[in-house]
Amino acid sequence: MALYAAYASNMDPAQMAQRAPHSPLRTTGWLKGWRLTFGGENVGFEGALATVAEDRDEHVFVVLYDVPDADEQALDEWEGAALGVYRKIRVRIATLDGDVLAWLYVLDAYEGGLPSARYVGILADAAEKAGAPDDYVKDLRTRPCKSLGG
């Protein structure tokens, strides 16, 4: 069983239950020294995709799940890991019970570009459902984004 740190739409426990049904939520925590950003605008069908980048003055709210091998393979498919869209790295997560090691997905593309308003809304809703602090959710909801359709 591996520990997975979700920082984007997989923070939503209901979505994770569909994508990785054997992966219970363990706890929440903070990825310190990193910031949430977006990149790969040419990869996403609506705009830039969520990722994290090192930044010693920032931190990212995460949800930790215990993920068995079969669910990890399913998540790899969802996240496009086999296609080179995201790659997995191991990071240290600060929780109320102390630091733990977990893996997460990092976009394998250059930082930059705007996500769609719909995507930013999905991320903010997922963070809210996961119990992220109100100021963190508010920051997500006010991120620069682009409107699709018009």
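Here's a quick rundown of the structure.

Cut-offs applied
Residues numbered from 1 in each chain as written. Predicted model: local features only at pLDDT ≥ 70, side-chain atom pairs only at ≥ 80, totals over all residues. Heavy atoms only, no water. Helix = DSSP H or I, 4+ residues; strand = E, 2+ residues; numbered from the N terminus. Buried < 20%, exposed > 50% of the residue type's maximum accessible area, 1.4 Å probe, protein only. Contact = heavy atoms within 4.5 Å. Phe/Tyr/Trp six-rings, centres within 6.5 Å; stacked < 30°, edge-to-face > 60°. Lys NZ or Arg CZ within 6 Å of the ring centre and 35° of its normal. Pairing = 2+ DSSP bridges. Expected span 1.5 Å × (residues − 1). Arc of directions from axis to C-beta. Axes fitted to C-alpha atoms, helices over the stretch in contact; angles between N-to-C directions. Parallel < 35°, antiparallel > 145°, perpendicular 65-115°, else oblique. Nonpolar A, V, L, I, M, F, W, Y, C, P; charged D, E, K, R; others polar.

**Focus: the environment of Leu 123**
Working step 1: If you trace the backbone, Leu 123 turns up in helix α3 (residues 117-129).
Working step 2: Note on Leu 123: relative accessible area 1%, which makes it buried.
Working step 3: The sequence separation of Leu 123 and Val 137 amounts to 14 residues, and the corresponding C-alpha distance is 8.7 Å.
Working step 4: Residue contacts for Leu 123: discarding those within four places in its chain leaves Ala 8, Ser 9, Met 11, Phe 38, Ala 50 and Leu 140.

**Description of the packing of aromatic side chains**
Working step 1: In total, this model carries 9 aromatic pairs according to the counting rule given.
Working step 2: The ring of Trp 103 carries Lys 88 above its face, with NZ or CZ at 4.7 Å from the centroid.

**Thoughts on the pairing of strand β3 (residues 49-67)**
Working step 1: Relative to β3, strand β1 (residues 2-6) runs antiparallel, the two sharing 5 bridges. Each bridged residue has a counterpart across the sheet, and for Leu 3 the counterpart in β3 is Asp 66.
Working step 2: Two strands pair when backbone bridges link them, and strand β2 (residues 25-39) and β3 are joined in this way by 13 bridges, in the antiparallel orientation. For Trp 30, the partnering residue across the bridge sits in β3 and is Phe 61.

**Things to note about α3**
Working step 1: With 13 residues, α3 extends 18 Å between its outermost C-alpha atoms, agreeing within 8% with the 18 Å of an ideal straight helix rising 1.5 Å per residue.
Working step 2: Within α3, burial applies to Tyr 119, Val 120, Leu 123, Ala 124, Ala 126 and Ala 127. Here the buried residues of α3 occupy an arc of 160° about the axis, which is enough to place them on one side.
Working step 3: On its buried face, α3 is in contact with β2, β3, β4 (86-95) and α4 (134-141).
Working step 4: The first or second residue beyond α3 is Gly 131, which carries a positive phi of 90°.

**Let's talk about the packing of α3 against α4**
Packed helix pairs are characterised by how far apart their axes lie and by the angle those axes make with each other.
Working step 1: Running from N to C, α3 and α4 point in directions that differ by 175°, and their axes come no closer than 8 Å. Judged by the angle between their axes, α3 and α4 are roughly antiparallel. Note on element contacts: α4 touches α3 through Val 137, Leu 140 and Arg 141, opposite Val 120, Gly 121, Leu 123, Ala 124, Asp 125, Ala 127 and Glu 128.
Working step 2: When grouped by side-chain class, the residues that make up the contact of α3 with α4 number 6 nonpolar, 1 polar and 3 charged.

Any functional reading would require information beyond the geometric quantities listed.
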